[in-house]
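What the coordinates show
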Amino acid sequence: MPTQSHYDIAVIGSGITGSTLAAILARQGLRVIVFEAGQHPKFAIGESMILETSETMRAVAHFFDIPELAFYSSENYFDFIGTSHGVKRHFSYLHHTPGEEQRIEHSLQAVIPKEPHGHELHLFRQDCDAYLNSMAIHYGAEVWQNTRVQDVQIDAERVTVTTHDGKTITADFIVDAGGFRSPLADKFGLRDFDLQAHSRTIFTHMIDVPCFHEVGASQKDYHLPFRVSEGTLHHVFKGGWLWIIPFNNHKRSTNPLCSVGLQLDPRLYPVREDLTPEQEFYNFIAQFPSMLAQLKDAKAVRNWTRTGRIQYSSTRAVGDRFALLGHAAGFIDPLYSKGLYTSFMSVGLLAHLLLDAHAAQDYSAVRFEPLEKLTLSYVHTADRLTANSYKSWGNYKLWSVYSVVWMLGAYLELVKLMSLRNESVDRRAYFEGASHLKLAGGGFSEFEELSDRIDRIVEEVNIDDDTAVDAAVTRIRALYDTVDWIPDAFVQVLKGKNHLPANKFRVSLFDREDGFLGHGAFRQHFFGDHSMTKVAKQFVVEKVKYSTLGLKTARKLGDWGLGTGD
């Protein structure tokens, strides 16, 4: 039963985004109610973290004074969140051709640096989401589980929410974090399916999934810094990919499960209605001997899920007194794990805008336009990157050069995010800087120009014409050669190296011209007037603050060194 009838903010959905937003707003003193159709703990996918997501979580934790929001940002927090989550030390890609064993030379491992924050995580979402939901309640949000929203009415003065069992509340503003089945997107007819990417999925959780090196060539044979089971493994092939996300890949693990999912372009691989999802899954991977070898003895622990095309966006994401948040606004594909980054940046920006709107008692759509711009920019950047990655897998030579667009874009985004957090004196400065980001490239115009030219080449080439592909690859390599700001690690991948370096700290980073800070427009955009000495000091501070010992000490003292960021 409600404790009151009017709230400042109503939120639909208590998943990872809805709960996080509710916690932030309640922590800042707003009256918040959350409607959840199901009940925690509940199954969810979206399990792979990336550096950009973790950095955004640290920033949101800092600027809104909620240290718990950073708990899922690295392995150093295991003592706080439990050991049901996996470790992620890399993204690995093994390219496959039907009927053939996977070729060692067709591999790529994008290593995630351990320093200064620790490696990333594979989130066991039912535990993660339940924790964040409890955190929202702790900070004062009211959560109604097993309560489906039946109707939402929005007028000039208020929002009125009616639940499935006839209860009614009012609020000043409503946030829809309900995912694809967003009640507000349905009510206002906001769905947009005019996107480049096309994929459907078949997925489950499994046990007894061996490391690929146990059924294929060894880590030593691949010359990789880490076993592929120590991170997110992507088996890629023409028109699709298969993910392997283990939660049992470190010594402290208490979870035997592994997330497994197959993504297919339905234009090439239509749904097999004559087969069950499990039958279709194994029928498909049977054409790839190395994939089948890894999964033939694995066992599903939950029912298989099969979907139609998963891509969608929205014609708009905000209006007077409402906003669509995270996957309610759009979703492309789990490739590159960009979804959680989009969600957390949107959460932080929306919380910032809502606090200002609450103070002014003005919830007009124009106040929330920055959220719409950022969210839809992220969705459309992911769309193009995903569509062209799928296409490039049709010929390994094209993928070998296109993969650098993804890695370079992610790296630049991370560098800009870290600079923003360290330079911003308050949340207003941080979100002003972040509002110019577009998911990849860190807002650097020279990267945007380079990636656009490469994307156009990929979009134009006939992937089945080997001569045309060779010409496209030559043109792309020539474009990379025209810029002098690409870090050497990515240049080495273009020269044939199959991994980024495991040891990111090198003396060459201090080179005044070609070191970490770069030079010219690159240096100015990402580092401004900062010296290498100042950046190195910030690195040391981060390493100490986010070390396991540092975190334990902060918790014991009750002093996380965080401010409200106001």
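What this report covers is the structure whose coordinates are included nearby.

About the criteria used
- Residues numbered from 1 in each chain as written.
- Predicted model: local features only at pLDDT ≥ 70, side-chain atom pairs only at ≥ 80, totals over all residues.
- Heavy atoms only, no water.
- Core = buried A, V, L, I, M, F, W, Y, C linked by side-chain atoms within 4.5 Å.
- Buried < 20%, exposed > 50% of the residue type's maximum accessible area, 1.4 Å probe, protein only.
- Helix = DSSP H or I, 4+ residues; strand = E, 2+ residues; numbered from the N terminus.
- Contact = heavy atoms within 4.5 Å.
- Salt bridge = Lys/Arg side-chain N within 4 Å of Asp/Glu carboxyl O.
- 1 Å grid on protein atoms, 1.4 Å probe; cavity = no way out; pocket = protein on both sides within 12 Å on 5 of 7 lines; lining within 4 Å.
- Points joined across faces, edges and corners; volume = space filled by probe spheres on them.
- Nonpolar A, V, L, I, M, F, W, Y, C, P; charged D, E, K, R; others polar.

Structural notes on the nonpolar core
Side chains that are nonpolar tend, in soluble globular proteins, to be buried together. Membership of the largest hydrophobic core comes to 133 residues, with the highest contact counts inside it found for Y480 and W485. Take this core: its biggest share by element is 15 residues, from helix α12 (residues 396-423). In this structure, Y480 is in contact with V401, V404, V405, L450, I454, I486 and L494, ignoring residues within four places of it in sequence. Counting 26 residues, the second largest nonpolar core, distinct from the first, contains L94, M206, L233 and F281.

A look at the pattern of salt bridges
Enumeration over the complete set of coordinates arrives at 35 salt bridges. Here R58 ties to E55 by a salt bridge, and the two come within 3.3 Å at their closest N and O atoms. With a gap of 3 residues between them, R58 and E55 both fall in helix α2 (residues 51-63), about one helical turn apart. Each of the two residues, R58 as well as E55, counts as buried. R89 is the salt-bridge partner of E230, the closest N and O atoms lying 3.2 Å from each other. Of this pair, E230 sits in the loop between α7 (219-222) and β13 (232-237) while R89 sits in the loop between β3 (86-88) and β4 (90-95), and the two are 141 residues apart along the sequence. The exposure class of R89 is buried, given its relative accessible area of 16%. Each of the salt bridges in this network shares a partner with another, and the network as a whole consists of R384, D452, D455, R456 and E459.

Thoughts on the environment of V215
Checked against the element boundaries, V215 lands in helix α6 (residues 212-215). When the C-alpha atoms of V215 and M291 are compared, they prove to be 9.3 Å apart, with 76 residues separating the residues in sequence. With sequence-adjacent residues up to four places away left out, V215 is seen in contact with P210, A293 and Q294.

Focus: empty space enclosed by the protein
Considering all chains together, one arrives at 2 cavities of 30 Å³ or more under this definition. One number sums up the size of the largest cavity: a volume of about 120 Å³. For the largest cavity, the lining is made up of 13 residues, of which F331, I332, G339, T342 and A382 are closest to its centre. Looking at the lining of the largest cavity, the elements with two or more residues in it are α10 (339-360) and α11 (369-392). No other element matches α11, which puts 4 residues into the lining of the largest cavity. Of the residues contributing to the lining of the largest cavity, the split by class is 6 nonpolar, 5 polar and 2 charged. Quantified by volume, the second largest cavity comes out at close to 30 Å³. Lining of the second largest cavity is provided by H95, H96, T97, E100, E101, Q102, R103 and H106. Residues belonging to the lining of the second largest cavity are distributed by class as follows: no nonpolar, 5 polar and 3 charged.

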